[in-house]
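Report on the structure
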Amino acid sequence: MVYDLIVLGGGPAGYLAGERAGQAGLKALVIEKRAYGGVCLNEGCVPSKSLLYSAKVFDYANHGDKYGVSVSGASIDQKKVIERKNKVVNTLVSGIEMTLKSHKVDMVKAVGKITGRSAEGYTVEADGQVYTAKHLIIATGSSAVVPPIPGVKEGVESGMVMTNREVLDLTEIPKNLVVIGGGVIGLEMASYYNSVGANVTVVEMLPKIAGPTDEDISDILLKNYKAKGITFHLGAKVTEVKKDAVVFEKDGKTESVPADKVLLSIGRRAVSADIGLETIGVEVNRGAIVTDRYMKTNVPGVYAAGDVNGKSMLAHTAYREAEVAVNNIIGKKDIMRYDAIPAVIYTNPEVGSCGETERTAKEKGYDIEVVKLPMAYSGRYVAENEGGNGIIKLVVDKKYRRLLGCHVLSNYASEFIIAAVMMIESQWKIDDIKEFVFPHPTVCEIIREALFQVKA
Ligand code: NAI
């Protein structure tokens, strides 16, 4: 059979591409080598949220006294935490398979490899079979970067060094966990293992944590995590991983920190090798497939969506890119925009941000006004966050009186940052947004409060 579309990879980009293609009446096949749902569902976004929720419940039990609730003898059962996480993952993975089936999308569980093209379309081999399609969407995702630091390879082999995959399956809480890389994965896992009782040390090469996150926000996050007992070594370069320690250089000095387990979270790289891209001439730049705003590659009929194009390694970006690709395949013009992609760090409290930071807005030459407001301006925040020090920060374009960026450190930030995304994407004027009625009392009212501080 000749398919309209073959999707290589069944992660967020791949399975959603299959689903949307099926909904549009295309005959589609999704080939996945491991598990549908990809890294996000099986060893990333979703399982980490399951663990972090367990930690939150444990934190509430341990610190309830601030709210007049005393719990004695609270304990954490790591095996149960992992069992529950597995249940959550299995439920959602089978949901994806059912959805694809219901849209009459074919699925093959095997490694797929592009082998060239025939008169009928592109050919892909999987499990000894050759499949043909007029269009391809490559959605093979990304994998953790494993650097050539002495001892890392041996550590990975022995199980002492973990990536995002293994850290989510630890059934025992390590005494000393060292996290290499203070980015999103590093911080979320540092947060979890700190809550459940490990000694956690984060070693980060840059002078700040949380990568591109606005400095005011990442500074408060750092302060909060230090107060919770996480040790940070910033501006520190790891030089060796030993059997029981991590060695790093900082300010010209060599230091060492004891480690039973090490989490390697220094970024991810697109998976574009060994999938046969060269057989049809797909352009790749530093491992990432080059795409335009329609998610097209340089080869007609071949698209790439999700982490593999290296643009924004986030599951929600992948979803939208997949939709853009499918829409263009069915002849519906659709363009991918990256201006207000939300970013969330699911620490406790959470960070939610979108659009320009103060720094990037200045670098791009905008004439801006910055509004910073403590979260204490929200009644519900005060009621629910004893001693909380969250903030909201707005970046406003003075010329057009539009919102350019919004950055929040607060509980529920992940849930309400979408309001700011819509304000930025729709290019609403500040005065128009002021007319919206927010529910009261809610934490998201902070956006309205901050908007009324804008002078521009
Ligand atoms: P990341 O890019 O967020 O952070 C990596 C950090 O490691 C950077 O701060 C970098 O300076 C540091 N680093 C690099 N080499 C180092 C070295 N040799 N020694 C010490 N530090 C070093 O990467 P991460 O945390 O691995 O996450 C990977 C991807 O997964 C990201 O693109 C992220 O967007 C995505 N992700 C998103 C989540 C979310 O949206 N909540 C959750 C988890 C992952």
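Up top is the structure.
Description of the structure in this document.

The rules behind each value
Residues numbered from 1 in each chain as written. Predicted model: local features only at pLDDT ≥ 70, side-chain atom pairs only at ≥ 80, totals over all residues. Heavy atoms only, no water. Helix = DSSP H or I, 4+ residues; strand = E, 2+ residues; numbered from the N terminus. Rg over C-alpha atoms; globule rule 2.2 N^0.38 Å. Buried < 20%, exposed > 50% of the residue type's maximum accessible area, 1.4 Å probe, protein only. Contact = heavy atoms within 4.5 Å. Lys, Arg positive; Asp, Glu negative; His and termini not counted. Charge placed at Lys NZ, Arg CZ, Asp CG, Glu CD. Expected span 1.5 Å × (residues − 1). Near = heavy atom within 4 Å. Polar contact = N/O pair within 3.5 Å; in protein donor to acceptor, adjacent residues only side chain to side chain. Nonpolar A, V, L, I, M, F, W, Y, C, P; charged D, E, K, R; others polar. Pairing = 2+ DSSP bridges. Axes fitted to C-alpha atoms, helices over the stretch in contact; angles between N-to-C directions. Left-handed = near helix turned anticlockwise from the far one by under 90°. Salt bridge = Lys/Arg side-chain N within 4 Å of Asp/Glu carboxyl O. Patch = residues over 30% accessible without salt bridge, like charges linked within 9 Å, V, L, I, M, F, W, Y side chains within 5 Å. Areas by Shrake-Rupley, 256 points an atom, 1.4 Å probe, with all protein chains shown as cover. Core = buried A, V, L, I, M, F, W, Y, C linked by side-chain atoms within 4.5 Å. 1 Å grid on protein atoms, 1.4 Å probe; cavity = no way out; pocket = protein on both sides within 12 Å on 5 of 7 lines; lining within 4 Å. Points joined across faces, edges and corners; volume = space filled by probe spheres on them.

Let us look at the overall build of the protein. On a plain count of helices and strands, the protein comes out with 14 helices and 24 strands. On C-alpha atoms alone, the protein measures out to a radius of gyration of 23 Å, which is about the 23 Å that the 2.2 N^0.38 rule sets for 456 residues. C-alpha extents for the protein along the principal axes are approximately 70 × 60 × 45 Å. Per-residue burial over the protein gives 52% buried out of 456 residues. For the protein, the share of sequence-separated contacts (at least 6 apart) that also reach a separation of at least 24 residues comes to 64%. If the 55 positive side-chain charges of the protein are averaged to one point and the 55 negative ones to another, these points end up 1 Å apart.

A few words on helix α7 (residues 184-195). Its 12 residues place the ends of α7 17 Å apart at the C-alpha level, agreeing with the 16 Å of an ideal helix rising 1.5 Å per residue. The buried count for α7 comes to 10 of 12 residues, which makes it a mostly enclosed element. Within α7 the residues assigned to the buried category are Gly186, Leu187, Glu188, Met189, Ala190, Ser191, Tyr192, Tyr193, Asn194 and Ser195.

A word on the site of the ligand. Taken together, 19 residues are adjacent to the ligand, and Ile185, Glu188, Glu204, Gly267 and Val344 come closest. Glu188 has a polar side-chain atom sitting 3.0 Å from a nitrogen atom of the ligand. In the environment of the ligand, a nitrogen atom lies 3.2 Å from a nitrogen or oxygen atom belonging to the backbone of Met205. Counting residues per element, the shell around the ligand draws most heavily on α7, which supplies 4 residues. Looking at side-chain class alone, the shell around the ligand contains 11 nonpolar, 5 polar and 3 charged residues.

This paragraph deals with the pairing of strand β21 (residues 350-355). The element β21 is largely enclosed, with a buried count of 5 among its 6 residues. Alignment of strand β20 (residues 343-345) against β21, held across 3 bridges, turns out to be antiparallel. Its bridge partner lying in β21, Val344 is registered against Gly352. In this structure, the hairpin formed by β20 and β21 is closed by a connection of 4 residues. Note that β21 and strand β24 (residues 402-410) share 6 bridges and pair antiparallel. Counterpart to Val351 in the pairing with β24 is Leu409.

Looking now at the pairing of strand β23 (residues 391-397). Most of β23 is tucked away: 7 of the 7 residues are buried. What you see with β23 is no split at all: Ile391, Lys393, Val395 and Asp397 on one side and Ile392, Leu394 and Val396 on the other are buried throughout. Where strand β22 (residues 368-374) lies against β23, 7 bridges are found, and the strand directions are antiparallel. Following the sheet pairing, Glu369 is matched in β23 by Val396. Across 6 bridges, the pairing between β23 and β24 is antiparallel. Looking at the pairing, Asp397 lines up with Arg402 of β24. Between β23 and β24, which follow one another and run antiparallel, lie 4 residues, and Arg401 among them has a positive phi close to 50 degrees.

Take the packing of helix α3 (residues 45-63) against α7 next. Contact geometry for α3 and α7: axes closest at 9 Å, N-to-C directions at 35 degrees. Here the hand of the crossing between α3 and α7 comes out left-handed. Seen from α3, the contacting residues are Ser48, Lys49, Leu51, Leu52, Ala55, Phe58 and Asp59; seen from α7, they are Glu188, Met189, Ser191, Tyr192 and Ser195. The residue inventory of the contact of α3 with α7, partitioned by class, reads 6 nonpolar, 3 polar and 3 charged.

Under the counting rule described, the total for this entry stands at 23 salt bridges. In this structure, Asp431 and Lys434 form a salt bridge, with 3.8 Å as the shortest nitrogen-oxygen distance. When salt bridges that share partners are traced, they join Asp214, Asp216, Glu358, Lys362, Lys372 and Lys393 into one network.

Following the sequence through the fold, Ser353 ends up in strand β21. Ignoring sequence-local partners within four residues, the contact set of Ser353 consists of Ile341, Pro342, Ala343, Cys406, His407 and Ile417.

Further remarks concern a nonpolar patch on the surface. A grouping of Ile418, Met422, Trp428 and Phe436 is seen on the molecular surface, where their side chains present a nonpolar patch of about 360 Å² in accessible area. Mapped onto the fold, Met422 is located in helix α12 (residues 413-425). In this structure Met422 comes out as partly exposed when scored by relative accessible area, which is 45%.

Picture the strands of a sheet paired through backbone hydrogen bonds; they go either parallel or antiparallel. Strand order in the open sheet made by the 5 strands is β20-β21-β24-β23-β22, with antiparallel pairing throughout. Of all the strands in the sheet, the pair left with one neighbour each is β20 and β22. Pairs of neighbouring strands in the sheet enclose a mean axial angle of 10 degrees, with direction left out of account. Each of β21, β22, β23 and β24 is contacted by helix α8 (residues 215-227), which is oriented at about 0 degrees to β24, the strand it contacts most.

Tyr192, Tyr193, Val200, Ile209 and Phe232 are the most contacted members of the largest nonpolar core, which totals 36 residues. Within the residue set of this core, elements represented by two or more residues are α3, α4 (78-102), β9 (176-180), α7, β10 (199-203) and α8. Here Ile209 is in contact with Gly182, Leu187, Ser218, Leu221, Leu222, Phe232 and Leu234, once residues within four sequence places are set aside. Residues Cys406, Val408, Ile417 and Ala450 belong to the second largest nonpolar core, which totals 30 residues.

This brings us to empty space enclosed by the protein. Enumeration according to the criterion identifies 1 cavity of 30 Å³ or more in this entry. Its boundaries defined by the atoms lining it, the largest cavity holds a volume of some 30 Å³. Lining the largest cavity are Ala144, Asn164, Ile185, Leu264, Ser265, Ile266, Gly267 and Arg268. In the lining of the largest cavity, the residues fall into 4 nonpolar, 3 polar and 1 charged.

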